Amino acid sequence: MRVLIVGGGIAGLSAAYDLQKAVLARRPCCASAASAAREVLELSLLEASGRLGGKLLGDTLGGVPVDAGPDSFLSTRPAAVELLTELGLRKKILTTERTRRDVFVYSRGRLRKYPDGLMMLMPAKVLPFLASDLLSLPEKLRMGLEAFVPPLKEEKDESLAEFGRRRFGEAAVRTILEPVFAGIYAGDVEALSLNSTFPQFRELEQRYGSILRGVYARKGPAAKPSGGLTMFVTLEGGVASFPEALAERVRPCARLNARVKTLRREGGRWRAELASEETLEADVVVLAAPADASAALLEHEAPAVASLLRRFEFSSTAAVNLLYETSALRRRPEGFGFLVQRREEVSLTAATFTSNKFPGRAPEGKTLIRCYFGGKGREAPLDMDDEGLARAAAGDLERILGLGARPLGASVHRWPKANALYNVGHAARLAGLEAALPAFPGLLLCGGCYRGIGIPECVRSGREAARRALQGVPPGAVV
């Protein structure tokens, strides 16, 4: 059996890792990875660019490793931690600082603290919530009335904003839902689908009649971290060391600068035509590329599938890391960072105080801050050049925090149309794909465009694609 993986991001790498591991398990222990891949299962990972890892990219700033893409991931979704453990990197996982965990929102011209638990709409303690200046007393009372709001009876794919407005009021949407969930998904809460982003809210509403009653009945809104980990974790040297470790193991089957132009099915097998005019055949194709790129490959063979894939939406973002001399700061950042309300007149959407959140990510005497730009409806600042974006980041930090010092340097990275948006209708688009794909045996779609955007979900998706491929030629599916 021949398997072809298209796309060398974390999903494609995870699939390749499991397939190559299966190859090696079938060969004598003296066989090399390269010969095993050739003789037992012809496995190829094709990456159009000159590097593996996709959005999980590292950089250095003043000799300090920084993340150019995602800088952390959830430990409560186990796929990433499990794979890191297999790779021997469990000891490299860094947990968040356990005492200075405050998160703020820049609202009405100043930073205001989110009371514990409120970022998920459920204050963990009543008194700190009532004492907070985040919302007015009438707005807090409106949130409390959520317990008396009847559940939605009709089956409807509500937006996050519709749901939040109906159950908690307008202020909760603008001050809590919008900064938090627009930050997670780089989208617009007026368009993001509740069912495809946080279906647990709908489940609580339907089962208990109220989110408040449901959370307190369950004694907690979410799964708890295990194994001494915190909810969010990263790696020593940055998240980019994760795909680097996978890349070392799958290198015998990986090809860089190998752009696929089109996929066709002939004689019961898939034929991949490369930009180099080379043609590769495969029994199973794992498409670990973004939905729009996958659509272009399937245009001739599966136009209906390509049309469905083109309906998936994306937004653009940028990350700017700034390094400061701690002793030069007039005021040192407190807590983990802050989010920005959409109505505030600053370019930033959020900032993470990396050296506070993950001790050890910056040397002693240095303060590392990561700034975020872009997202649906907030992409205008991305028109600036890199130097302008770095100046905007430093200027907004000065305005919001009053640091009183210039950064030692900046690292700017852009991600154009790289953030999959789970907007209203996302579940219907998935259902359309699930109905169309079985007609194309051996075609598996995986990655962050479909069933989860985070690193753990991409790892799970890639490993599930590998599992299905190892069972033979599966029906086409989204995994």
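From a predicted model like this one, the values you see are computed outputs, not experimental measurements.

**Quick word on the overall build of the protein**
Inference 1: A count of helices and strands for the protein gives 17 helices and 21 strands.
Inference 2: Taking 23 Å as the expected radius of gyration for a compact globule of 479 residues, we find that the protein reaches 23 Å, a close match to that expectation.
Inference 3: Expressed as lengths along the three principal axes of its C-alpha atoms, the size of the protein is roughly 70 × 55 × 45 Å.
Inference 4: Per-residue burial over the protein gives 55% buried out of 479 residues.
Inference 5: Of all intrachain contacts in the protein linking residues separated by at least 6 positions in sequence, the fraction that spans at least 24 positions is 72%.
Inference 6: As displayed, the protein offers around 20400 Å² of accessible surface, 53% of which is attributable to carbon and sulfur atoms.
Inference 7: The average position of the 66 basic charges and that of the 54 acidic charges among the side chains of the protein differ by 4 Å.

**A word on the layout of surface pockets**
Inference 1: Reported here for the second largest pocket is a volume of approximately 300 Å³.
Inference 2: Lining of the second largest pocket is provided by 16 residues; of these, Arg100, Ser355, Asn356, Lys366 and Thr367 occupy positions nearest its centre.
Inference 3: Secondary-structure elements contributing two or more residues to the lining of the second largest pocket are helix 14 (354-357) and strand 18 (366-374).
Inference 4: Within the lining of the second largest pocket, the residues separate by chemical class into 5 nonpolar, 6 polar and 5 charged.

**A short note on the pattern of salt bridges**
Inference 1: Throughout the structure, instances matching the rule amount to 41 salt bridges.
Inference 2: The shortest N-O distance in the salt bridge between glutamate 236 and lysine 92 comes to 3.8 Å. Residue glutamate 236 is found in the loop between strand 9 (232-235) and helix 11 (241-250), and its partner lysine 92 is found in the loop between helix 3 (79-86) and strand 6 (93-95); the two are separated by 144 residues along the sequence.
Inference 3: A residue is classified by how much of its surface remains accessible, and glutamate 236, at 39% relative accessible area, is partly exposed.
Inference 4: Between arginine 202 and glutamate 205 there is a salt bridge, with the nearest N and O atoms lying 3.0 Å from each other. Here glutamate 205 and arginine 202 lie together in helix 9 (residues 199-208), a separation of 3 residues that amounts to about one turn. Assigned by exposure class, arginine 202 and glutamate 205 land together as buried.

**A look at the sheet that holds strand 5 (residues 73-74)**
Inference 1: Taking strand neighbours across the sheet as the criterion, the 3 strands line up as 5-9-6 in an open arrangement whose pairing is antiparallel. Each edge of the open sheet carries a strand with a single partner, namely strand 5 and strand 6.
Inference 2: Examined bridge by bridge, strand 6 and strand 9 share 3 bridges and lie antiparallel to one another. Bridging across to strand 9, leucine 94 finds its partner in threonine 234.

**Thoughts on helix 16 (residues 426-436)**
Inference 1: Burial in helix 16 covers these residues: His426, Arg429, Leu430 and Leu433. The arc that holds every buried residue of helix 16, seen down its axis, measures 100°, which confines them to one face. Exposed side chains of helix 16 directed beyond 90 degrees from the buried face belong to Ala428 and Ala435.
Inference 2: Buried residues belonging to helix 16 abut helix 8 (194-197), helix 13 (303-309), strand 15 (313-325), strand 19 (409-421), strand 20 (443-445) and strand 21 (477-478).

**A closer look at unusual backbone geometry**
Inference 1: The backbone of alanine 186 sits at a positive phi, close to 50°, despite the residue not being glycine.
Inference 2: Relative to the elements of secondary structure, alanine 186 occurs in the loop between helix 7 (170-185) and helix 8.

**A few points about the sheet that holds strand 11 (residues 260-266)**
Inference 1: Read across the sheet, 3 strands follow the order 11-12-13 without closing on themselves; strand pairing throughout is antiparallel. The sheet is open, and its two edges are formed by strand 11 and strand 13 (279-282), each paired on a single side. Here the average twist between neighbouring strands, direction ignored, is 25°.
Inference 2: Against the sheet, helix 12 (residues 291-298) touches strand 11 and strand 12 (269-274), its axis set at about 55° to strand 11.

What counts, and at which threshold
Residues numbered from 1 in each chain as written. Predicted model: local features only at pLDDT ≥ 70, side-chain atom pairs only at ≥ 80, totals over all residues. Heavy atoms only, no water. Helix = DSSP H or I, 4+ residues; strand = E, 2+ residues; numbered from the N terminus. Rg over C-alpha atoms; globule rule 2.2 N^0.38 Å. Buried < 20%, exposed > 50% of the residue type's maximum accessible area, 1.4 Å probe, protein only. Contact = heavy atoms within 4.5 Å. Areas by Shrake-Rupley, 256 points an atom, 1.4 Å probe, with all protein chains shown as cover. Lys, Arg positive; Asp, Glu negative; His and termini not counted. Charge placed at Lys NZ, Arg CZ, Asp CG, Glu CD. 1 Å grid on protein atoms, 1.4 Å probe; cavity = no way out; pocket = protein on both sides within 12 Å on 5 of 7 lines; lining within 4 Å. Points joined across faces, edges and corners; volume = space filled by probe spheres on them. Nonpolar A, V, L, I, M, F, W, Y, C, P; charged D, E, K, R; others polar. Salt bridge = Lys/Arg side-chain N within 4 Å of Asp/Glu carboxyl O. Pairing = 2+ DSSP bridges. Arc of directions from axis to C-beta. Axes fitted to C-alpha atoms, helices over the stretch in contact; angles between N-to-C directions.

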